[in-house]
Amino acid sequence: MSKYEKQRERMVKYQVEGRGVHSDVVLAAMRKVPREQFIPEYERAYAYNDGPLPIGEGQTISQPFVVAFMIEALKLDGGEKVLEIGTGSGYAAAVLAEVAGDVYTIERLPDLAERSTQLLAQLGYDNVHVRCGDGTLGWPEQAPFGGIVVTAGGPDVPVSLREQLAVGASLVIPVGDTKSYQELRRVTRVAEDDYESETLTAVRFVPLVGEQGWPTEY
Ligand code: SAM
């Protein structure tokens, strides 16, 4: 077992499973995806630390536990078409790709979109489709989705994303009045015109910037 594989095993056992993520498919995905590949080389010694890490452009790769918790919260059966907003490094998209069928992921910053597209292809994730643009508007041509995860914090739940959920599917998103502290909400489309919302936990994400998020000037 390589140094990184050992660190990954420990990360899953203590940071993820130890804190209450029990989905077998999510744990297996976290055991498989090489997180060290998704962060700049000079930071690789910290790849399996219990926290977020900078990935350039003022953005971060999320804490491993938070990635696993959010994906588990989607309650996927496997095989679904899912949407992620905030591709960033591509790490969460890769974990999702191990759990779902096809992953559609949107990143607003061109450099990050380009970098993650290349890396995901290099690692063989041909079921991940990256687009550069404003993810608050979703990906209407591919809707409805069996799950949507937003990995940046917005002032509210974007209506466009809610409307791109399949009936029975959930959207998991950090929502808050300030740009640095949010509550993680799960919105489930229980019928064509009926949504249920619950608060899962407190989180801290970079801002969701876009038409149905925070304004660009901040
Ligand atoms: N999921 C990422 C990963 O695994 O590395 C971490 C994402 S980082 C916490 C949040 C990302 O959301 C940033 O890369 C940021 O540029 C992006 N973002 C913010 N607003 C966005 C928007 N409206 N549409 C798409 N991406 C957005």
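What you see is a predicted model, and the numbers here were worked out from it, not measured in a lab.

> Where do I start with the site of the ligand in this structure?
Neighbouring the ligand are 28 residues, the closest being Gly86, Ser89, Glu107, Gly135 and Val209. Within the side chain of Ser89, a nitrogen or oxygen atom sits 2.6 Å from an oxygen atom of the ligand. Between the ligand and the protein, one listed contact pairs a nitrogen atom with a backbone N or O atom of Arg108 at 3.2 Å. Within the complex, the protein chains bury 99% of what would otherwise be the 610 Å² of accessible surface of the ligand.

> Looking at this structure, I do not really get helix α5 (residues 110-122). What am I missing?
Taking 1.5 Å of rise per residue, the 13 residues of α5 would be expected to cover 18 Å, and the 18 Å separating its terminal C-alpha atoms lies within 8% of that figure. Residues of α5 that are buried: Leu112, Ala113, Ser116, Leu119 and Leu120. All buried residues of α5 fall inside an arc of 140° around its axis, so they share one side. Seen from the buried face of α5, the exposed residues on the opposite side, beyond 90 degrees, are Pro110, Ala121 and Gln122. Of the surrounding elements, those touching the buried residues of α5 are β1 (53-56), β2 (59-61), α4 (91-99), β4 (102-107) and β5 (128-132).

> For this particular structure, what's the right way to read empty space enclosed by the protein?
Over the atoms rolls a probe the size of a water molecule, and its path tells where empty space is left. A full pass over the atoms with the stated rule returns two cavities of 30 Å³ or more. What the largest cavity holds in volume is close to 330 Å³. Lining the largest cavity are 29 residues, with Gly86, Thr87, Glu107, Thr151 and Ala152 sitting closest to its centre. Elements with a minimum of two residues in the lining of the largest cavity: β2, β3 (81-85), α4 and β4. For the lining of the largest cavity, the element with the most residues is β2, which contributes three residues. Its residues assigned to classes, the lining of the largest cavity comprises 14 nonpolar, 11 polar and four charged. In this structure, the second largest cavity spans a volume of roughly 60 Å³.

Rules used throughout
- Residues numbered from 1 in each chain as written.
- Predicted model: local features only at pLDDT ≥ 70, side-chain atom pairs only at ≥ 80, totals over all residues.
- Heavy atoms only, no water.
- Near = heavy atom within 4 Å.
- Polar contact = N/O pair within 3.5 Å; in protein donor to acceptor, adjacent residues only side chain to side chain.
- Areas by Shrake-Rupley, 256 points an atom, 1.4 Å probe, with all protein chains shown as cover.
- Helix = DSSP H or I, 4+ residues; strand = E, 2+ residues; numbered from the N terminus.
- Expected span 1.5 Å × (residues − 1).
- Buried < 20%, exposed > 50% of the residue type's maximum accessible area, 1.4 Å probe, protein only.
- Arc of directions from axis to C-beta.
- Contact = heavy atoms within 4.5 Å.
- 1 Å grid on protein atoms, 1.4 Å probe; cavity = no way out; pocket = protein on both sides within 12 Å on 5 of 7 lines; lining within 4 Å.
- Points joined across faces, edges and corners; volume = space filled by probe spheres on them.
- Nonpolar A, V, L, I, M, F, W, Y, C, P; charged D, E, K, R; others polar.

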